[in-house]
Amino acid sequence: MIIKPRTRGFICLTAHPEGTALNIKNQIDYVRSKGTIANGPKKVLVIGASTGFGISSRIAAAFGSGAATIGVFFEKPAAEGKPGTAGWYNSAAFEKEAQNAGLYAKSINGDAFSDEIKKQTIDLIKKDLGTVDLVVYSLASPRRTHPKTGVAYASVLKPIGQPFENKTVDFHSGVVSDITINPIDSQEDIDNTIAVMGGEDWKFWMEDLHNAGVLADNVKTVAYSYIGPELTFPIYRNGTIGQAKNDLEATTGTINNILKDINGQAFVSVNKALVTQSSSAIPVVPLYISLLYKVMKQKGIHEGTIEQMYRLFKERMYTENGEIALDNEGRIRVDDWEMRDDVQAEVAQLWKEATTENLEQISDIEGYRNDFFNLFGFNFNEINYDADTNEVVNIPSI
Ligand code: NAI
């Protein structure tokens, strides 16, 4: 079928199998061009492995370190006349590239919050790998059904206390407008968001994996967090999602206790703001990202998810001397270039100036849009989007 982008707000309803495969290939080529990660992970479980930071973590581990990978994700398969989701095609492309390179790669498609998917994953590790030495936790979801109680939680993206008034952009049209986001109604909004995006599920995974004996001695696990600039604090770090991130970060202590007898270590890595399916859903953030891209590209320090994840493994988690640099709160930082004073000062200045009229000049809204469409396999010059493509693509291991 001929597949074109069909968007609804910050969601793209279609994905292109050849375009997404090219996106994966480009990421693999980047990692290959950078060389191997000495002392890198060898048997890796990635939870949330199909898009954004998760697929890039999987690629960096496999092609940077020769790792066998198991990926867990929740995606819609392709069917005749109905394209699959981007994460489905990404994973299909990844597995094929891994196979060609002689690397083990298998995937599990289902709800990672459930006990059933945890059990399936454990059984697969036992059968094929014995143990894993790295567990990447890269889930981003708007809802979670609690596996023990059956309660369904929905997260909210709201400030706490005061309404938040600021600028935002519709990245399709480039229209900059004022927005007021009302604060939470009750503590329940915070609790629900923590239940979805906090650390409990990460802890459940690590407990179950440990109890099943499928974690190697000295295992590492890493989950991803975000801080960002003051201007997004009300909606991000001091908002409901920030409370969930605090909870996630605090969970490293709990997991370190669980893993003590096998000398395991839990980390949180604070990553850079990037265009992903999840970040485009957060108000105000797309405008910030489009200004940030402009400044970081001008300075030659822009990175995408693959550059971030390669740097995380090579220069943070698997350094040659074995040392892992942490900030005062015990977190790994790969948002260090984003948070540089000169970068933030320039973004803050541009933020004040940004209007619909000057946006194309002073921001990289074009780069934002391009990245957004690339996530779904669109906007690649190499692909002929008027040509028929086979939408039914299978993931070899599923
Ligand atoms: P994403 O939306 O691209 O990826 C989310 C992944 O989770 C996908 O693989 C999806 O299939 C999987 N997933 C969602 N619900 C699932 C479920 N119930 N069961 C199994 N898999 C499920 O998101 P992104 O942006 O890569 O986020 C990953 C992590 O990185 C999140 O913790 C996010 O907060 C964090 N982060 C994101 C930043 C950004 O700017 N995008 C910046 C810093 C941190």
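Residues numbered from 1 in each chain as written. Predicted model: local features only at pLDDT ≥ 70, side-chain atom pairs only at ≥ 80, totals over all residues. Heavy atoms only, no water.

Peer 1: Quick question: what am I supposed to make of the overall build of the protein chain here?
Peer 2: Assigned secondary structure in the protein chain consists of 12 helices and 13 strands. Considering only intrachain contacts with a sequence separation of at least 6, the fraction spanning at least 24 residues in the protein chain is 78%. As displayed, the protein chain offers around 16,300 Å² of accessible surface, 48% of which is attributable to carbon and sulfur atoms. In the protein chain, 39 positive and 51 negative side-chain charges are present, and the distance between their average locations comes to 3 Å. (Helix = DSSP H or I, 4+ residues; strand = E, 2+ residues; numbered from the N terminus. Contact = heavy atoms within 4.5 Å. Areas by Shrake-Rupley, 256 points an atom, 1.4 Å probe, with all protein chains shown as cover. Lys, Arg positive; Asp, Glu negative; His and termini not counted. Charge placed at Lys NZ, Arg CZ, Asp CG, Glu CD.)

Peer 1: So what exactly am I meant to see when it comes to helix H3 (residues 86-100) here?
Peer 2: Note on helix geometry: an α-helix contains 3.6 residues per turn, so any two residues three or four positions apart are oriented the same way. The end-to-end C-alpha separation of H3 is 21 Å, in line with the 21 Å expected for 15 residues at 1.5 Å each. In terms of burial, H3 is a largely internal element, 12 of the 15 residues being buried. When H3 is considered as a whole, its buried residues turn out to be Ala86, Gly87, Trp88, Tyr89, Asn90, Ser91, Ala92, Ala93, Phe94, Glu95, Glu97 and Ala98. A positive backbone phi angle near 75 degrees is found at Gly102, which sits one or two residues after H3. (Expected span 1.5 Å × (residues − 1). Buried < 20%, exposed > 50% of the residue type's maximum accessible area, 1.4 Å probe, protein only.)

Peer 1: What exactly am I supposed to notice about the site of the ligand here?
Peer 2: Taken together, 30 residues lie around the ligand, and Ser50, Ala112, Lys245, Thr276 and Ser278 are the ones closest in. A distance of 3.3 Å separates a nitrogen atom of the ligand from a polar atom in the backbone of Gly110. Asp111 has a polar side-chain atom sitting 2.9 Å from a nitrogen atom of the ligand. Protein chains shield 92% of the accessible area of the ligand, which is 840 Å² for the free molecule. (Near = heavy atom within 4 Å. Polar contact = N/O pair within 3.5 Å; in protein donor to acceptor, adjacent residues only side chain to side chain.)

Peer 1: How do you make sense of helix H4 (residues 115-129) when you look at a structure like this?
Peer 2: Between its terminal C-alpha atoms H4 stretches 20 Å, which fits the 21 Å expected from 15 residues at 1.5 Å a residue. Taken together, the buried positions of H4 are Ile117, Lys118, Thr121, Ile122, Leu124, Ile125 and Leu129. Along the long axis of H4, the arc covered by the buried residues comes to 165 degrees, so they all point the same way. Where the residues of H4 are buried, they touch strand S3 (43-47), strand S4 (68-73), strand S5 (105-109), strand S6 (132-137) and helix H6 (200-211). Gly130 lies just past H4 and shows a positive phi near 80 degrees. (Arc of directions from axis to C-beta.)

Peer 1: Just checking my understanding: could you explain the side chain of Asp189 for this structure?
Peer 2: Mapped onto the elements of the fold, Asp189 is located in helix H5 (residues 187-197). Here Asp189 falls in the buried class, since its relative accessible area comes to 12%. Within the local environment of Asp189, its side chain forms a polar contact with the backbone nitrogen of Asp185, the two atoms lying 3.2 Å apart. Residues within four places of Asp189 in sequence aside, it is in contact with Val156, Lys158, Ile184 and Thr240.

Peer 1: Which parts of the structure should I look at to understand the nonpolar core?
Peer 2: The nonpolar side chains of soluble globular proteins are, as a tendency, buried together. In this structure, Ile59, Phe63, Phe94, Phe313 and Met317 are the most contacted members of the largest nonpolar core, which totals 91 residues. It is helix H8 (residues 285-298) that provides the largest number of residues to this core, a total of 9 residues. Excluding its chain neighbours within four sequence positions, the residues that come into contact with Met317 are Leu134, Lys220, Val222, Phe267, Leu312, Ile324 and Ile332. Counting residues in hydrophobic clusters, the runner-up holds 31 residues, among them Val72, Ile125, Leu215 and Ile255. (Core = buried A, V, L, I, M, F, W, Y, C linked by side-chain atoms within 4.5 Å.)

Peer 1: Could you clarify how one ought to interpret the environment of Asp247 in this entry?
Peer 2: Positionally, Asp247 belongs in helix H7 (residues 240-258). Considered as a pair, Asp247 and Pro183 are 64 residues apart in the sequence and their alpha carbons are 20 Å apart.

Peer 1: Where do I start with the pairing of S5 in this structure?
Peer 2: Put simply, side chains in a regular strand alternate between the two faces of the sheet. Of the pairings in the sheet, the one linking S4 to S5 comprises 5 bridges and is parallel in character. Residue pairing for S5: Ile70 is matched across the bridge by Lys106. (Pairing = 2+ DSSP bridges.)

Peer 1: Help me understand the confidence of the model for the protein chain, please; the structure alone is not making it clear to me.
Peer 2: For the protein chain, mean pLDDT is 97; residues scoring 70 or higher make up 100% of the total. Mean pLDDT across the elements of the protein chain ranges from a minimum in strand S1 (residues 7-8), with 92, to a maximum in S3, with 99. (pLDDT = per-residue confidence, 0-100.)

Peer 1: Before we go on, may I ask you to explain the sheet that holds S3 in this structure?
Peer 2: Whenever strands of a sheet pair, they do so through backbone hydrogen bonds, lying parallel or antiparallel. Spatial strand order, S5-S4-S3-S6-S11-S12-S13: 7 strands in an open sheet with parallel pairing. Strands with a single pairing partner mark the edges of an open sheet, and in this sheet they are S5 and strand S13 (332-333). Sitting on the sheet, H3 touches S4 and S5, and the angle it makes with S5 is about 160 degrees. The strands touched by H4 are S3, S4, S5 and S6; relative to S5, the strand with the most contacts, the crossing angle is about 165 degrees. (Axes fitted to C-alpha atoms, helices over the stretch in contact; angles between N-to-C directions.)

Peer 1: What's the story with the pattern of salt bridges in this structure? I'm lost.
Peer 2: In a structure, side chains of opposite charge can pair up when their charged atoms sit close to one another. Taken as a whole, this structure holds 24 salt bridges when the rule is applied. Notably, a salt bridge pairs Asp128 with Lys106, separated by 2.9 Å at the nearest N-O pair. Taken as a pair, Asp128 in helix H4 and Lys106 in strand S5 lie far apart in primary sequence, 22 residues in all. A salt bridge links Lys127 to Asp128; the nearest nitrogen and oxygen atoms lie 3.3 Å apart. (Salt bridge = Lys/Arg side-chain N within 4 Å of Asp/Glu carboxyl O.)

Peer 1: Looking at this structure, how should I read the packing of H4 against H6?
Peer 2: Describing two packed helices takes the angle between their axes plus the distance from one axis to the other. As a packed pair, H4 and H6 sit with axes 10 Å apart at the nearest point and diverge in direction by 40 degrees. As far as their axial angle goes, H6 and H4 are oblique. Remark: the crossing between H4 and H6 carries right-handed chirality. Here Ile117, Lys118, Thr121, Ile122 and Ile125 of H4 come into contact with H6, specifically with Asp201, Phe204, Trp205, Asp208 and Leu209. Class assignment of the residues belonging to the contact of H4 with H6 gives a composition of 6 nonpolar, 1 polar and 3 charged. (Parallel < 35°, antiparallel > 145°, perpendicular 65-115°, else oblique. Left-handed = near helix turned anticlockwise from the far one by under 90°. Nonpolar A, V, L, I, M, F, W, Y, C, P; charged D, E, K, R; others polar.)

Peer 1: Just checking my understanding: could you explain the packing of aromatic side chains for this structure?
Peer 2: What characterises a pair of aromatic rings is the spacing of the ring centres plus the angle enclosed by the ring planes. Applying the stated criterion to the full structure yields 11 aromatic pairs. An angle of 55 degrees between the planes, with centres 5.9 Å apart, marks the rings of Phe53 and Tyr224 as tilted. Of this pair, Phe53 sits in helix H2 (residues 52-65) while Tyr224 is found in strand S11 (residues 215-225), placing the two residues 171 residues apart along the sequence. Judged by its relative accessible area of 8%, Tyr224 falls in the buried class. Between Phe63 and Phe94 the ring centres are 6.1 Å apart and the planes differ by 90 degrees, which places this aromatic pair in the edge-to-face class. Taken together, the residues span a long stretch of sequence, with Phe63 in helix H2 and Phe94 in helix H3 at a distance of 31 residues. Aromatic rings pair up to connect Phe171, Tyr368, Phe372, Phe373 and Phe376 into one cluster. (Phe/Tyr/Trp six-rings, centres within 6.5 Å; stacked < 30°, edge-to-face > 60°.)

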